[in-house]
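This is what each chain is made of:
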Amino acid sequence: MNIKFASRLIISLTLTFLIGPFLIIILAGLSAGDFMTFPPDGMSLKWYIKVFTVESFRESFWLSMLLAVFGTICALILGIPAAYAISRYDLPYSETIKTIVAAPIIVPGIIVGLALLRYLVVPLNFTVTLALFMAHTALVLPYAVRVVSSSLNNLRGDMEEAAVLLGCGRVGAFMRIVLPNIRSGVLAAFILGFVTSFNQVPVSLFLSGPGVRTLPIDMLGYMEITYDPSVAALSALLAFLSVAIVFVAEKFLGFSRYV
Amino acid sequence: MSDNFVSLQKLSLAYGQTLVVPHLDLDIRKGELIALLGPSGCGKTTTMRAIAGLMAPQSGHILIDAQDVTRIPANKRGIGLVFQSYALFPHLSAFENVAFGLRLKKLTNSDITKRVDRWLETVGLAHLAKRKPDDMSGGQQQRLALARSLVLEPKVLLLDEPLSNLDARLRLDMRLELQRVQLETGITMVFVTHDQAEALALANRIVLMKDGKIEQLGAPDELYNAPQTRFAADFLGFQNIFEVEDQTIVGKGNALPLSFQTKARYLAWRPGAVTLEKGKYEGKIKSVSFAGEQREFVIEAPIGQIKATTPAANLPRQIGEIIRFDLPSEGVCELRE
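About the thresholds
Residues numbered from 1 in each chain as written. Chains lettered and ligands numbered in written order. Predicted model: local features only at pLDDT ≥ 70, side-chain atom pairs only at ≥ 80, totals over all residues. Heavy atoms only, no water. Helix = DSSP H or I, 4+ residues; strand = E, 2+ residues; numbered from the N terminus. Buried < 20%, exposed > 50% of the residue type's maximum accessible area, 1.4 Å probe, protein only. Areas by Shrake-Rupley, 256 points an atom, 1.4 Å probe, with all protein chains shown as cover. Pairing = 2+ DSSP bridges. Contact = heavy atoms within 4.5 Å. Buried area = accessible area lost by both parts, 1.4 Å probe. Salt bridge = Lys/Arg side-chain N within 4 Å of Asp/Glu carboxyl O. Polar contact = N/O pair within 3.5 Å; in protein donor to acceptor, adjacent residues only side chain to side chain. Nonpolar A, V, L, I, M, F, W, Y, C, P; charged D, E, K, R; others polar. Expected span 1.5 Å × (residues − 1). Arc of directions from axis to C-beta. Patch = residues over 30% accessible without salt bridge, like charges linked within 9 Å, V, L, I, M, F, W, Y side chains within 5 Å. pLDDT = per-residue confidence, 0-100. Axes fitted to C-alpha atoms, helices over the stretch in contact; angles between N-to-C directions. Domains from an automatic or database assignment. Phe/Tyr/Trp six-rings, centres within 6.5 Å; stacked < 30°, edge-to-face > 60°. Lys NZ or Arg CZ within 6 Å of the ring centre and 35° of its normal.

**Some remarks on the overall build of chain A**
Counting its secondary structure elements, chain A contains 11 helices and zero strands. When its helices and strands are written in sequence order, chain A yields α-α-α-α-α-α-α-α-α-α-α. Reported as C-alpha extents along the three principal axes, the dimensions of chain A are approximately 70 × 65 × 30 Å. Scored against the burial criterion, the 259 residues of chain A give a buried share of 41%. Total accessible area on chain A is roughly 14300 Å²; 72% of this is exposed by carbon and sulfur atoms.

**What to know about the pairing of strand 10 (residues 213–218) of chain B**
The pairing of strand 9 (residues 205–210) of chain B with strand 10 of chain B spans five bridges and is antiparallel. Across the sheet, residue K210(B) finds its bridge partner in strand 10 of chain B, namely K213(B).

**Considerations on the interface of chain B and chain A**
On the side of chain A, 16 residues touch chain B, which itself brings 20 residues to the contact. With both sides pooled, the region where chain B packs onto chain A buries about 1700 Å², and carbon together with sulfur makes up 69% of that total. Looking only at chain B, the three residues that lose the most surface to chain A are N75(B), H91(B) and L104(B), adding up to 30% of its buried area. Our count for the chain B to chain A interface comes out at one salt bridge. Summed over the shared surface of chain B and chain A, the number is six residue pairs in polar contact (both at pLDDT 80 or more). Secondary structure elements with two or more residues in the side of chain B that touches chain A: helix 1 (44–52), strand 6 (79–82), helix 2 (94–104) and helix 4 (138–150) of chain B. Among the elements that take part in the side of chain B that touches chain A, helix 2 of chain B stands out by supplying three residues, more than any other. In the side of chain B that touches chain A, the residues fall into 13 nonpolar, five polar and two charged.

**Section: the pairing of strand 17 (residues 304–311) of chain B**
Successive side chains on a regular strand alternate, one facing one side of the sheet and the next facing the other. All names here are of chain B. Here strand 16 (residues 294–301) runs beside strand 17; their pairing, made up of eight bridges, is antiparallel. The residue of strand 17 that forms the bridge with E300 is Q305. Connecting strand 16 to the antiparallel partner strand 17 that follows it, the hairpin turn spans two residues.

**Side note on helix 3 (residues 109–122) of chain B**
All names here are of chain B. With 14 residues, helix 3 extends 20 Å from end C-alpha to end C-alpha; this agrees with the ideal 20 Å at 1.5 Å per step. Among the residues making up helix 3, those that are buried are I112, R115, V116, W119 and L120. In a view along the axis of helix 3, the buried residues occupy a sector of 130°, so they form one face of it. Counted as exposed and oriented over 90 degrees from the buried face of helix 3: S110, K114 and E121. Those residues of helix 3 that are buried are in contact with helix 2, helix 4 and helix 5 (168–185). Following helix 3 by one or two positions, G124 has its phi on the positive side, about 75°.

**Section: a nonpolar patch on the surface**
Residues and elements named next belong to chain A. A cluster of nonpolar residues, I11, L15, L18, I19 and L23, forms a patch on the protein surface that exposes about 490 Å² of accessible area. Residue placement: L18 occurs in helix 1 (residues 2–29). L18 sits in the exposed class, given a relative accessible area of 62%.

**Regarding the pattern of salt bridges**
Within the structure shown, the criterion is met by 22 salt bridges over all chains. A salt bridge links E161(A) to R49(B); its shortest N-O distance comes to 2.6 Å. With E161(A) in helix 7 (residues 158–165) and R49(B) in helix 1, this pair bridges two chains. Where R317(B) meets E321(B), a salt bridge forms, and the shortest distance between an N and an O atom there is 2.5 Å. Residues joined by salt bridges that share partners form a network here, namely R88(A), E160(A) and R170(A).

**Regarding the confidence of the model for chain A**
Residues shown with low pLDDT carry predicted positions that ought not to be read at fine detail. Averaged over chain A, the pLDDT score is 87; the fraction of residues at 70 or greater is 97%. For chain A, the element scoring lowest by mean pLDDT is helix 4 (residues 94–106) of chain A, at 83; helix 7 of chain A scores highest, at 93.

**Describing the sheet that holds strand 11 (residues 240–245) of chain B**
All names here are of chain B. Ordered by their spatial adjacency, five strands build an open sheet running 13-12-11-14-19, and the pairing between neighbours is antiparallel. A single partner strand is all that each edge strand has here, and the edge strands are strand 13 (254–257) and strand 19 (332–335). The sheet shows a mean angle of 35° between the axes of neighbouring strands, direction not considered. Across four bridges, strand 11 lies against strand 14 (residues 266–269) in antiparallel orientation.

**Topic: the domain arrangement of chain B**
Residue and element names in this part refer to chain B. Parsing chain B into structural domains produces domain 1 (4–234) and domain 2 (240–335). Here the C-alpha centroids of domain 1 and domain 2 sit 40 Å apart. If you look at the interface, domain 1 gives nine residues, while domain 2 gives seven residues. For the pair domain 1 and domain 2, the two sides together bury roughly 620 Å², of which 63% comes from carbon and sulfur. In this structure, the connection of domain 1 to domain 2 is made through one residue pair in polar contact (both at pLDDT 80 or more). Contributing elements (two or more residues each) for the side of domain 1 that touches domain 2: helix 7 (220–225) and helix 8 (230–235). Per-element tally for the side of domain 1 that touches domain 2: the top contributor is helix 8, with three residues. Its residues assigned to classes, the side of domain 1 that touches domain 2 comprises four nonpolar, three polar and two charged.

**Let's talk about the packing of aromatic side chains**
In the structure shown here, the tally under the stated rule is 11 aromatic pairs over all chains. Considering the side-chain rings of Y281(B) and F325(B), the 5.5 Å spacing of their centres and the 50° angle between planes classify their relative orientation as tilted. Of the two residues, Y281(B) is situated in strand 15 (residues 275–291) and F325(B) in strand 18 (residues 322–326); the sequence distance between them amounts to 44 residues. Three or more aromatic residues joined by ring pairs form one cluster here, namely F61(A), W62(A), F190(A), F194(A) and F198(A). Sitting above the plane of the F89(B) ring, R148(B) keeps its charged end 4.5 Å from the centroid. Above the face of the F238(B) ring, R270(B) is positioned so that its terminal group lies 4.1 Å from the ring centre.

**A word on unusual backbone geometry**
Phi is positive for D65(B), which is not a glycine, with a value near 55°. Assessed through its relative accessible area of 42%, D65(B) is described here as partly exposed.

**Some remarks on helix 4 of chain B**
Residue and element names in this part refer to chain B. Given a rise of 1.5 Å per residue, 13 residues ought to cover 18 Å, and the 18 Å separating the end C-alpha atoms of helix 4 matches this to within 8%. Burial runs high along helix 4: 11 of the 13 residues are buried. Among all positions of helix 4, only G139, Q140, Q141, Q142, L144, A145, L146, A147, R148, S149 and L150 are buried.

Structure (structure tokens):
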């Protein structure tokens with residue numbers, strides 16, 4: 001009886017800490033007052049509406065969106081062949097290669113950001129946007145390689161040989177046989193990469209410049225000056241967006257099999 | 001020479017530093033069903049992959065239909081291969097699996113439909129054309145893999161362990177299917193197997209391989225009745241194989257005098273060739289088992305265990321009893337190392 005009670009308590013606490021902040025943010029954004037408070041100071045949708053009128057939010061949202069989409073696509077273009085090579089060929093140092101590929105998520109983001117700023121942007125005069133793009137690609141790459149590798153490992157190699165014996169070239173066999181069969185893995189990698197890139201803070205923090213800020217950095221900056229509930233409203237909207245993406249992915253792709 | 005449709009000449013095959021097949025010469029006739037038989041690691045699969053073009057030989061030549069194909073890539077050789085796992089394309093329907101090779105040839109749609117339908121019909125899968133391979137049984141998958149290769153009318157069809165993934169009843173079906181296809185199309189078939197029963201039942205000729213070399217080559221009955229080496233006899237199910245020294249059979253440090261003259265290094269008898277209840281040798285019955293039409297004995301003799309069978313009606317003998325037996329000159333196989 002006591003064990004049952006204890007386990008329920010633990011589950012309830014866990015759920016409270018997982019879902020609680022989310023609920024608080026949603027409610028705080030609904031406040032009618034001028035400051036972020038909880039419980040909210042009256043009810044209104046005005047902060048949810050205001051979010052869409054803030055110029056810098058609109059700009060940084062689009063920057064984050066473009067970074068997430070193109071950074072992830074770029075990571076997949078680099079990552080799929082890498083995953084293919086690692087899983088199909090007996091490469092020397094393949095363990096080392098895997099570790100290097102995983103480095104961007106193992107090394108703290110602050111260090112990655114500082115390093116990119118210090119050695120790419122400052123001495124080589126890279127624009128901040130380009131550095132951001134490269135950084136996001138690098139950060140998503142490990143996920144791309146890992147997720148695509150696991151679906152490639154589930155795919156038998158003799159299928160490609162069969163395609164070759166039926167008259168396909170090696171590239172043709174990859175395009176016609178391998179890609180269609182790892183499609184869900186690639187989409188899963190895309191969604192994971194997209195979310196990772198979109199929510200990225202530490203690296204982007206270093207790589208911000210005048211007029212170039214990703215949405216999370218912009219929100220940080222906004223909050224330092226104005227402590228109104230619009231940031232809460234925006235956070236809630238972003239959380240809904242993430243949930244919607246994952247929900248759609250799960251519904252159509254069986255996303256959870258790959259992560 | 002025109003008889004030799006596929007010709008392997010001084011072929012040597014290696015994986016990296018490991019030489020699997022050192023030097024292989026083999027001629028395969030047109031329209032023949034030939035089996036590459038041997039234990040795992042004997043180089044049979046490697047040889048098949050080399051014929052298919054999936055691996056390049058270190059040296060030597062492969063000729064198909066009088067053309068040297070050694071340097072021709074796998075996708076241009078016109079050879080079909082039915083994989084052990086079938087290697088069907090899971091994202092395509094049965095129809096599209098069979099159509100795959102034809103689409104690459106840029107045939108017209110109506111032509112493709114006609115040929116695919118004909119082959120699905122031939123292998124009895126016409127009603128499953130829309131089905132995905134994962135929703136088909138093992139036997140159906142194999143017939144689909146067969147149709148996918150044959151629709152391209154390959155010069156040679158290679159099959160990797162064609163019966164190993166099927167249960168006993170399906171094995172018989174598939175065997176009939178393969179023999180029928182071969183009869184109808186006259187296609188040359190090479191299949192790889194480690195199962196002597198499969199090779200004996202299916203092939204016109206058997207190539208028995210050991211350590212990348214041909215141990216013996218011949219018709220199934222030749223191999224079954226007259227293996228020439230100790231390895232061949234062992235692989236083809238001879239259970240009583242003994243070494244010969246000075247007209248005696250030796251084993252376990254003991255020797256038994258032979259009742260006939262031989263120059264062979266080894267002698268072998270099938271269980272049925274051993275005579276029981278008479279003869280010059282004695283042993284103790286270690287086990288008796290009833291196997292329907294016959295009774296199987298294991299006899300502990302001074303030179304080792306002897307396996308013998310008799311018709312079931314005879315000899316209701318018990319374990320532990322002493323029994324006389326003979327290893328006669330009728331039914332003996334003379335072997336070299």
